[in-house]
Amino acid sequence: MTVDVLTHDEETAEAPASAPVSTPEVSSDEATVTESASPASPSEGSAEPAAEEEAPKPKRGRPKGAAAASTAKKTRTVELILTVTGTADGEWQAELKNGSKWVAKGLEIPAAAVSRAAKELHSDLSGPIDEVINQAREAQAAKVAALEAELEKAKQALAELDA
């Protein structure tokens, strides 16, 4: 690869325009630097130096040789995202995504299965999930008690109407 560049370094500015500038920081496999000068025609009588050479910018990232010398073992990872959501009423759903593709969406699952799965995965997961399930259980028990009380009142009102 040939790169034509101009430089504004003080060393180059003091050097004559025809003298090549060495660039020790650029390796031969990265780039070859050549002088590019637009010579002034003698008829113009210009006293300006032809052109100044600029050092190329170093490439970003790792050098190509370092990748081959790496001893790190490359492992293939699979990204599966399992999302489990629950409501205050105790209804649970699961969704599974493989990369950017949906495998399953909106699968209804029982709260007991969520609790068992959380216990199998890790105790740090099972504690908060069990608290949410217990709160939903208490809310449903309170709802059942309220409905039973309402049912009892309705039965009494019906019995009074029949008598």
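Bear in mind the structure is a predicted one, so any value in this text is a computation, not a measurement. (Residues numbered from 1 in each chain as written. Predicted model: local features only at pLDDT ≥ 70, side-chain atom pairs only at ≥ 80, totals over all residues. Heavy atoms only, no water.)

A. Local environment of the overall build of the protein chain. Counting secondary structure elements, the protein chain contains 4 helices and 5 strands. Secondary structure elements of the protein chain, listed N to C terminal, follow the sequence β-α-β-α-β-β-β-α-α. Intrachain contacts of the protein chain at a sequence separation of at least 6 include 41% that bridge at least 24 residues. As displayed, the protein chain has an accessible area near 13600 Å², and 54% of this comes from carbon and sulfur atoms. (Helix = DSSP H or I, 4+ residues; strand = E, 2+ residues; numbered from the N terminus. Contact = heavy atoms within 4.5 Å. Areas by Shrake-Rupley, 256 points an atom, 1.4 Å probe, with all protein chains shown as cover.)

B. Up close: the sheet that holds strand S5 (residues 101-109). Taken in spatial order, the 3 strands line up as S3-S4-S5 in an open sheet, and their pairing is antiparallel. In this open sheet, the two strands that pair with only one neighbour each are strand S3 (80-86) and S5. Between one strand and the next, the sheet's axes are offset by a mean angle of 15 degrees, whatever the strand orientation. In this sheet, S5 lies alongside strand S4 (residues 92-98) in antiparallel orientation, the contact comprising 6 bridges. Bridge assignment links leucine 96 to a residue of S5, and that residue is alanine 104. (Pairing = 2+ DSSP bridges. Axes fitted to C-alpha atoms, helices over the stretch in contact; angles between N-to-C directions.)

C. Structural view of the pairing of S4. As judged from the 7 bridges shared by S3 and S4, these two strands associate in the antiparallel manner. Looking across to S4, one finds that leucine 80 is bridged to asparagine 98. A loop of 5 residues connects S3 with S4, the two strands running antiparallel in sequence, and glycine 90 in this loop sits at a positive phi of about 90 degrees. In this structure, the hairpin formed by S4 and S5 is closed by a connection of 2 residues, where glycine 99 is found at a positive phi of approximately 70 degrees.

D. Just helix H4 (residues 123-162), in detail. Over its 40 residues, H4 runs 57 Å from end to end, which matches the ideal 58 Å to within 8%, given 1.5 Å per residue. Buried residues of H4: Ser126, Asp130, Ile133 and Ala136, and no others. Buried residues belonging to H4 abut S4 and helix H3 (111-121). (Expected span 1.5 Å × (residues − 1). Buried < 20%, exposed > 50% of the residue type's maximum accessible area, 1.4 Å probe, protein only.)

E. Representation of H3 in the model. Among the residues of H3, those classed as buried are Val114, Ser115 and Ala118. Projected onto a plane normal to the axis of H3, the buried residues spread over an arc of 100 degrees and lie on a single side. Pointing more than 90 degrees away from the buried face of H3 are the exposed residues Arg116, Lys119 and Glu120. Contacts from the buried residues of H3 go to S3, S4, S5 and H4. (Arc of directions from axis to C-beta.)

F. Region of interest: the packing of aromatic side chains. Taken as a whole, this structure holds 0 aromatic pairs when the rule is applied. Taking the ring centre of tryptophan 102 as reference, the NZ or CZ of lysine 105 above it sits at 4.6 Å. (Phe/Tyr/Trp six-rings, centres within 6.5 Å; stacked < 30°, edge-to-face > 60°. Lys NZ or Arg CZ within 6 Å of the ring centre and 35° of its normal.)

G. Structural context of the confidence of the model for the protein chain. Here the protein chain averages 74 in pLDDT, and 61% of its residues register 70 or above. No element of the protein chain has a lower mean pLDDT than strand S2 (residues 32-34), at 43, and none a higher one than S4, at 95. Scored below 50 in pLDDT, residues 1-42 shows 54 contacts in the model against residues more than four places distant or in partner chains. (pLDDT = per-residue confidence, 0-100.)

H. Broad picture of the side chain of aspartate 130. One can find aspartate 130 in helix H4. A distance of 2.7 Å separates a polar atom in the side chain of aspartate 130 from a polar atom in the side chain of serine 115. The contact partners of aspartate 130, leaving out residues within four places of it in the chain, are Ser115 and Lys119. (Polar contact = N/O pair within 3.5 Å; in protein donor to acceptor, adjacent residues only side chain to side chain.)

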